[in-house]
Amino acid sequence: MKANAIKEIPQSTPAFLIDQDKIKKTLHYLQLLKERSQCQVLFSIKSLPLTAVMKQTLSVVDGFSVSSLFELRLAREVDRGDSEVHLTTPGLKVDEFDELATLSTAISFNSLEQYRQFRPLLNTAVSPGLRVNPELSFVADNRYDPCRNFSKLGVPLGQLAGQLPQGIEGLHFHTVFGSDSFQPLQETVARIEAQLSHSLASLKWINLGGGYLFDSEQQMEPLIDLIVRLKKHYQVEVFMEPGNGVVGASGFIVATVIDCFVREGKTVAVLDTSVNHNPEVFEYQRRPQLVEEVPDGEYSAILAGCTCLAGDLFGEYHFDQPITLGDRFTFCQVGAYSMIKSNRFNGYNFPDIYTFNDSTARKIKTYDYAYYRAQWLT
Ligand SMILES: *Cc1c(COP(=O)(O)O)cnc(C)c1O
């Protein structure tokens with residue numbers, strides 16, 4: 001479907017739309033990756049734990065990657081208990097551990113301290129792994145760099161002194177975001193091989209994490225070579241666990257202009273959505289991509305959200321015609337980390353959720369006052 005036709009789909013706005021043809025295309029590349037490298041792929045559901053999407057991915061993926069008990073329960077509801085589910089989190093809790101260990105197939109411990117604490121409680125059905133911090137940074141902004149100084153994520157490779165603790169069956173790392181190049185992965189694996197060479201052969205699996213995009217067979221060639229080599233050399237299963245790479249480009253938020261005025265010479269257009277439907281816009285002061293933007297257009301406007309926060313703004317955009325009340329706008333590339341982080345600040349509702357493909361569109365979820373009331377009524 002043409003990007004500028006997507007805004008015609010929702011009956012009312014704001015609406016969150018998922019393009020299932022786009023997911024299908026990505027799944028096609030993941031299928032190719034699996035066939036050519038014999039790796040296993042898990043969908044990291046923290047990016048968008050929408051069961052319609054989880055079910056769609058199950059046609060190709062081997063299971064899910066989760067970070068908490070609730071994600072794990074949802075994963076098991078969707079897969080009916082029969083796929084690979086890997087858990088890693090700095091947030092393991094004693095009172096949840098039995099259920100976590102019963103429902104997951106592998107747990108990558110975030111520290112040696114937690115591995116020692118929980119090892120006596122492990123049953124034989126769950127494979128213990130260790131999350132390592134390869135101490136190689138590829139992300140410029142340290143707010144999302146797991147390899148930053150004093151990182152809380154994973155055991156620094158240097159601290160392991162070439163040895164993995166007794167009983168560890170898997171190695172896990174996750175260090176990049178939104179990378180369409182596999183060069184960071186090649187460099188990271190080279191470093192791990194140099195520092196843990198003797199221990200790798202004793203492993204059953206390596207989980208290479210998420211953070212990568214899968215856009216063409218040609219782009220994946222270096223990845224395929226890497227996985228084939230790892231599997232052959234160390235006789236290990238290899239896992240990848242993309243989230244954003246599966247759903248990021250498939251998501252859209254459609255909103256309508258509900259007010260428009262001029263302030264100090266600039267046009268301000270208020271939309272019926274807000275940064276609370278895509279909180280990373282505010283958290284990281286990011287300007288989201290807009291389908292209707294014409295970068296050298298002669299008209300410009302600041303697109304603003306409808307809440308009482310002065311900084312609830314998406315940014316200034318250019319267009320080839322003036323903005324009028326009732327215009328619809330479409331934010332794109334918002335499939336990951338938008339809906340899951342959204343909130344009802346000011347009492348503004350969540351968007352309706354739609355799925356669509358080339359032939360049909362379906363409203364799959366609407367939230368009404370009862371959801372809001374259930375959250376806050378004490
Ligand atoms: C968030 C996360 C992922 C998925 O990352 P994307 O950037 O969404 O692909 C995978 N593994 C771990 C450990 C994560 O924290």
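Residues numbered from 1 in each chain as written. Predicted model: local features only at pLDDT ≥ 70, side-chain atom pairs only at ≥ 80, totals over all residues. Heavy atoms only, no water.

A. Just the overall build of the protein chain, in detail. Each helix and strand in the protein chain was counted, giving 11 helices and 17 strands. Projecting the C-alpha coordinates of the protein chain onto the three principal axes gives extents of approximately 65 × 50 × 45 Å. Taking all 378 residues of the protein chain together, the buried fraction comes to 52%. If you take every contact in the protein chain between residues at least 6 apart in sequence, the share linking residues at least 24 apart comes to 66%. When the 35 basic and 44 acidic side-chain charges of the protein chain are each reduced to a single mean position, those positions are 4 Å apart. (Helix = DSSP H or I, 4+ residues; strand = E, 2+ residues; numbered from the N terminus. Buried < 20%, exposed > 50% of the residue type's maximum accessible area, 1.4 Å probe, protein only. Contact = heavy atoms within 4.5 Å. Lys, Arg positive; Asp, Glu negative; His and termini not counted. Charge placed at Lys NZ, Arg CZ, Asp CG, Glu CD.)

B. A look at the packing of aromatic side chains. Under the definition given, this model contains 17 aromatic pairs. Ring geometry for Trp 205 and Phe 239: centres 6.2 Å apart, planes at 85°, overall edge-to-face. Residue Trp 205 is found in strand S9 (residues 205-207), and its partner Phe 239 is found in strand S10 (residues 237-240); the two are separated by 34 residues along the sequence. Here Trp 205 and Phe 239 have matching classes, each one buried. Through pairs of rings, three or more aromatic residues link up here, namely Phe 97, Phe 109, Tyr 115 and Phe 118. (Phe/Tyr/Trp six-rings, centres within 6.5 Å; stacked < 30°, edge-to-face > 60°.)

C. Layout of a nonpolar patch on the surface. Where nonpolar side chains cluster on the molecular surface, the patch consists of Phe 282, Leu 309 and Phe 345 and spans about 260 Å² of accessible area. Within the secondary structure, Phe 345 is located in the loop between strand S15 (328-332) and strand S16 (352-356). (Patch = residues over 30% accessible without salt bridge, like charges linked within 9 Å, V, L, I, M, F, W, Y side chains within 5 Å. Areas by Shrake-Rupley, 256 points an atom, 1.4 Å probe, with all protein chains shown as cover. Salt bridge = Lys/Arg side-chain N within 4 Å of Asp/Glu carboxyl O.)

D. View of the site of the ligand. The environment of the ligand is made up of 14 residues, and the closest members are Lys 46, Gly 211, Glu 241, Asn 244 and Tyr 337. One nitrogen or oxygen atom from the main chain of Gly 211 is found 2.8 Å from an oxygen atom belonging to the ligand. Note that an oxygen atom of the ligand is positioned 2.7 Å from one of the backbone N or O atoms of Asn 244. The fraction of the free accessible surface of the ligand (390 Å²) that becomes covered by protein chains is 90%. Taken together, the residues that form the shell around the ligand break down as three nonpolar, eight polar and three charged. (Near = heavy atom within 4 Å. Polar contact = N/O pair within 3.5 Å; in protein donor to acceptor, adjacent residues only side chain to side chain. Nonpolar A, V, L, I, M, F, W, Y, C, P; charged D, E, K, R; others polar.)

E. Looking closely at the domain arrangement of the protein chain. By the assigned domains, the protein chain splits into domain 1 (3-17 + 248-376) and domain 2 (38-242). The centre of domain 1, based on its C-alpha atoms, is set 33 Å off from the matching centre of domain 2. If you look at the interface, domain 1 gives 11 residues, while domain 2 gives nine residues. Summed over both sides, the interface of domain 1 with domain 2 buries roughly 900 Å², with 70% coming from carbon and sulfur. On the domain 1 side of the interface with domain 2, the three residues burying the most area are Tyr 284, Tyr 337 and Ile 340, jointly 53% of the side's total. Connecting domain 1 to domain 2 are zero salt bridges. Connecting domain 1 to domain 2 are two residue pairs in polar contact (both at pLDDT 80 or more). Here the side of domain 1 that touches domain 2 is composed, by residue class, of eight nonpolar, one polar and two charged. (Domains from an automatic or database assignment. Buried area = accessible area lost by both parts, 1.4 Å probe.)

F. The pairing of S16, seen in detail. Within S16, five of the five residues are buried, leaving the element largely enclosed by the surrounding structure. Burial along S16 is two-sided: the residues Asp 352, Tyr 354 and Phe 356 and Ile 353 and Thr 355 are all buried. Pairing of strand S1 (residues 15-19) with S16 involves five bridges; the strand directions are parallel. The partner of Leu 17 across the bridge, within S16, is Tyr 354. Pairing of S16 with strand S17 (residues 361-365), which is carried by four bridges, proceeds in the antiparallel orientation. The residue bridging Thr 355 from the neighbouring strand is Arg 362, located in S17. The turn linking S16 back onto S17 is made up of four residues. (Pairing = 2+ DSSP bridges.)

G. The pairing of strand S4 (residues 84-88), seen in detail. In terms of burial, S4 is a largely internal element, four of the five residues being buried. When strand S3 (residues 63-66) meets S4, the two strands line up parallel, connected through four bridges. Across the sheet, Ser 65 pairs through a bridge with His 86, a residue of S4. Regarding the hand of the β-α-β motif, the stretch spanning S3, helix H3 (residues 69-79) and S4 is right-handed. Here S4 runs beside strand S5 (residues 106-109); their pairing, made up of three bridges, is parallel. (Right-handed = clockwise from strand over helix to strand, strands pointing away.)

H. Structural context of the side chain of Ser 47. Position of Ser 47 relative to the elements: it lies in the loop between strand S2 (40-44) and helix H2 (51-57). Here Ser 44 takes part through its backbone oxygen, which lies 3.0 Å from a polar atom of the side chain of Ser 47. Contacts of Ser 47, omitting those with residues within four sequence positions, involve Gly 243, Asn 244, Val 247, Gly 335, Ala 336, Tyr 337 and Ile 340.

I. Representation of the state of the cysteines within the structure. Counted according to the given criterion, the structure contains zero disulfides. Lacking any disulfide linkage, Cys 260 is separated from the closest cysteine sulfur, that of Cys 306, by 15 Å. (Disulfide = S-S within 2.5 Å.)

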